[in-house]
Amino acid sequence: MDDRLHYGSPAKVFHWLVVALLAIQFPIGWFMPDVHSGPPGRAMTLHISFGLTILALILLRLVWRITHPVAPESSLPPWQRVSSEAVHWLLYGLVLATTFTGWLFASFRGWSISYFNLVPLPMLATKNTDAIHRIDGWHQIAEWALLIAIGIHVAGALVHIFIYRDRIMQRMLPGRR
C-alpha cells in the first residue's frame with residue numbers, strides 16, 4: 001500500500017460530486033409524479049440521467065480508490081478503521097445497487113431512455129411486467145439502505161469533528177492537506 005495519508009484532488013472531486021448529485025437525486029425521486037402511470041416524463045429523465053452520472057462517477061471513484069490507496073489513519077483504534085472501511089465499501093455497493101436497479105426498472109418498463117435527452121442508452125433487459133414490481137422494490141430497498149449508510153457515514157464524520165476533535169475529516173475536505 002502507498003504511504004499517502006490524504007486523499008488526492010480527484011478522490012475529493014469524485015466524493016463531493018457524488019454527494020451533491022445524491023442531494024439532488026433523492027428529492028427528484030421522491031417528489032416526481034407517479035412513474036407507474038405512463039412513459040417517463042421530464043422528472044424521470046432527469047432522475048435517470050443523474051443516476052447514470054452518479055453511476056459513472058462512483059465507478060471512476062472506485063477505480064481511483066483501488067489504484068490510489070490512502071493509508072488508514074494510524075491514530076484510529078482498530079475497530080474504527082475496520083468499521084470505517086466497511087461503511088465505505090457498503091456505500092459503494094449500495095450506490096451501485098441503487099443505480100443499476102433504477103436502470104433495470106426503466107428497462108423492464110420498456111422505456112427508451114436517454115442521457116439528458118441527448119444520448120440514447122441501451123436497455124439492460126427486455127420489457128417484463130412481472131419483474132417491474134420486484135425490481136422497483138429492490139430499488140426502494142437499496143435507496144433506503146443507502147440513506148441509512150449515508151447517515152452512518154455522516155454521523156461518523158461529525159463524531160470525529162465534534163467529539164474526538166481529531167483531523168480525520170480534513171483528509172477529505174477540499175483544499176486541505
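Everything below is about the structure printed above this text.
So, here's what we can say about the structure.

The rules we used
- Residues numbered from 1 in each chain as written.
- Predicted model: local features only at pLDDT ≥ 70, side-chain atom pairs only at ≥ 80, totals over all residues.
- Heavy atoms only, no water.
- Helix = DSSP H or I, 4+ residues; strand = E, 2+ residues; numbered from the N terminus.
- Buried < 20%, exposed > 50% of the residue type's maximum accessible area, 1.4 Å probe, protein only.
- Contact = heavy atoms within 4.5 Å.
- Salt bridge = Lys/Arg side-chain N within 4 Å of Asp/Glu carboxyl O.
- Axes fitted to C-alpha atoms, helices over the stretch in contact; angles between N-to-C directions.
- Left-handed = near helix turned anticlockwise from the far one by under 90°.
- Nonpolar A, V, L, I, M, F, W, Y, C, P; charged D, E, K, R; others polar.

Right, let's get into the overall build of the protein. Tallying secondary structure elements over the protein gives four helices and two strands in all. In sequence order, the protein lays out its α and β elements as α-α-α-β-β-α. Principal-axis analysis of the C-alpha atoms gives the protein an extent of 55 × 25 × 25 Å. When burial is assessed residue by residue, the protein has 39% of its 177 residues classed as buried. Within the protein, residue pairs in contact and separated by at least 24 positions form 75% of the contacts whose partners lie at least 6 positions apart.

In this section: the pattern of salt bridges. Counting across every chain of the model gives two salt bridges. Between glutamate 85 and arginine 65 there is a salt bridge; the shortest N-O distance is 2.8 Å. Of the two residues, glutamate 85 sits in helix α3 (residues 78–109) while arginine 65 sits in helix α2 (residues 42–67), which places them 20 residues apart along the sequence. Arginine 171 serves as the salt-bridge partner of glutamate 73, at 3.6 Å between the closest nitrogen and oxygen.

This part is about the environment of glycine 93. By secondary structure assignment, the location of glycine 93 is in helix α3. According to the relative accessible area criterion, glycine 93 is partly exposed, its value standing at 35%. When the C-alpha atoms of glycine 93 and alanine 142 are compared, they prove to be 9.4 Å apart, with 49 residues separating the residues in sequence.

So, about the packing of α2 against α3. Axes are the key here: two packed helices are described by the angle between their axes and the distance separating the axes. Between α2 and α3, the shortest axis-to-axis distance is 10 Å and the interhelical angle comes to 145°. Both α2 and α3 take part in a crossing whose hand is left-handed. Two secondary-structure elements touch here, α2 through Ile48, Gly51, Leu52, Ile54, Leu55, Ile58, Leu59, Arg61, Leu62, Arg65 and Ile66 and α3 through Glu85, His88, Trp89, Tyr92, Val95, Leu96, Thr99, Phe100, Trp103 and Ala106. Considering only residue class, the contact of α2 with α3 consists of 15 nonpolar, three polar and three charged.

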